[in-house]
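Here are the chains, one letter per residue:
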Amino acid sequence: RGLARLADAAAGGHALARTVLGLLAFGDAPPPGSLDWRELPSRLDLGWFERPFERRVECGAPRIETIPDFLPGWVCAHVMRRAAPALERARVVDEAGGESVRDVRTNSVTSFGIADSDPLLELVNLRAARAAGLPPEHAEGLGVLHYRPGETYRPH
């Protein structure tokens, strides 16, 4: 039902719906010039979001694992495009329990709440929850940390 609604929105001209549905259907390949947006959901293969994880143990104590090829590059590009306009200087928790900008953390950050999300970002959230072995409702929304050369998050 969600994909049908996404297709309806794309057919109605909604730009983000067209972007997301086009990416889900064609990845990073350009979509054909003429599309029947309402027909696209029947051609989608979302199996790559459920493919198994290859885990690499980078360190035993503390245990640190990496998951190579966690997401396709075109998904990462979509996340970065969506995050870019909302990036703000990152904050740290201060002595009073509030948050403030401090020189110990110079990077930028944004988070996607449910109102800021889209179906592709939600698939990323589901894949991350599966990787962590937790139900998605126990997870935070997707966050993006951006570090330009020289930006840091020092011990504090």
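Read on for a plain summary of the structure. From a predicted model like this one, the values you see are computed outputs, not experimental measurements.

Re the overall build of the protein
Piece 1. Along its length, the protein carries 4 helices and 7 strands.
Piece 2. Overall, the protein is about 55 × 35 × 30 Å in size when its C-alpha atoms are taken along their principal axes.
Piece 3. Scored against the burial criterion, the 156 residues of the protein give a buried share of 29%.
Piece 4. Long-range pairs, those at least 24 residues apart, make up 55% of the contacts in the protein with a sequence separation of at least 6.
Piece 5. Entry remark: accessible area of the protein is about 10100 Å², with carbon and sulfur atoms responsible for 54%.
Piece 6. Across the protein, the centroid of the 19 positively charged side chains sits 2 Å from that of the 21 negatively charged ones.

A closer look at the packing of helix α3 (residues 73–83) against helix α4 (residues 119–132)
Piece 1. Direction vectors running N to C along α3 and α4 enclose 115°, while the axes themselves pass 10 Å from each other. Every pair of crossing elements has a handedness; the one defined by α3 and α4 is left-handed. Taking contact as the criterion, the partners of W74, V75, H78, V79 and R82 in α3 are, on α4, L120, L121 and V124.
Piece 2. The residue inventory of the contact of α3 with α4, partitioned by class, reads 6 nonpolar, 1 polar and 1 charged.

Looking at the nonpolar core
Piece 1. If you look at the biggest cluster of nonpolar residues, it comprises 25 residues, and the most contacted ones within it are L21, L24, F49, V75, F112 and L120.
Piece 2. Of all the secondary structure elements, the ones that give two or more residues to this core are α1 (2–11), α2 (15–26), α3 and α4.
Piece 3. Here this core gets 5 residues from one element, more than from any other, and that element is α2.
Piece 4. Excluding residues within four positions of it along the chain, L24 makes contact with L3, L6, L44, L46, F49, W74, L120 and L123.

Description of the pattern of salt bridges
Piece 1. Counted under the stated rule, the structure contains 8 salt bridges.
Piece 2. Linking R63 and E65 is a salt bridge whose minimum nitrogen-to-oxygen distance equals 2.9 Å.
Piece 3. Look at R63 and you get exposed, because its relative accessible area is 55%.
Piece 4. Across the salt bridge formed by R148 and E151, the nearest N and O atoms sit 3.8 Å from each other.
Piece 5. The class of R148 is partly exposed, set by a relative accessible area of 47%.
Piece 6. The network of salt bridges with common partners includes R55, R63 and E65.

Let's talk about the packing of α2 against α4
Piece 1. Put simply, α2 and α4 touch, their axes get as near as 9 Å, and they point 55° apart. Regarding the angle of α2 to α4, the classification is oblique. Where α2 abuts α4, its residues V20, L23 and L24 lie against P119, L120 and L123.

Brief notes about α1
Piece 1. Those residues of α1 that fall on the buried side of the exposure criterion are L6, A7 and A10. Looking down the long axis of α1, one finds its buried residues gathered within 100° of arc, a one-sided arrangement.
Piece 2. Two residues or fewer after α1 comes G13, characterised by a positive phi angle close to 100°.

Basis of the calculations
Residues numbered from 1 in each chain as written. Predicted model: local features only at pLDDT ≥ 70, side-chain atom pairs only at ≥ 80, totals over all residues. Heavy atoms only, no water. Helix = DSSP H or I, 4+ residues; strand = E, 2+ residues; numbered from the N terminus. Buried < 20%, exposed > 50% of the residue type's maximum accessible area, 1.4 Å probe, protein only. Contact = heavy atoms within 4.5 Å. Areas by Shrake-Rupley, 256 points an atom, 1.4 Å probe, with all protein chains shown as cover. Lys, Arg positive; Asp, Glu negative; His and termini not counted. Charge placed at Lys NZ, Arg CZ, Asp CG, Glu CD. Axes fitted to C-alpha atoms, helices over the stretch in contact; angles between N-to-C directions. Left-handed = near helix turned anticlockwise from the far one by under 90°. Nonpolar A, V, L, I, M, F, W, Y, C, P; charged D, E, K, R; others polar. Core = buried A, V, L, I, M, F, W, Y, C linked by side-chain atoms within 4.5 Å. Salt bridge = Lys/Arg side-chain N within 4 Å of Asp/Glu carboxyl O. Parallel < 35°, antiparallel > 145°, perpendicular 65-115°, else oblique. Arc of directions from axis to C-beta.

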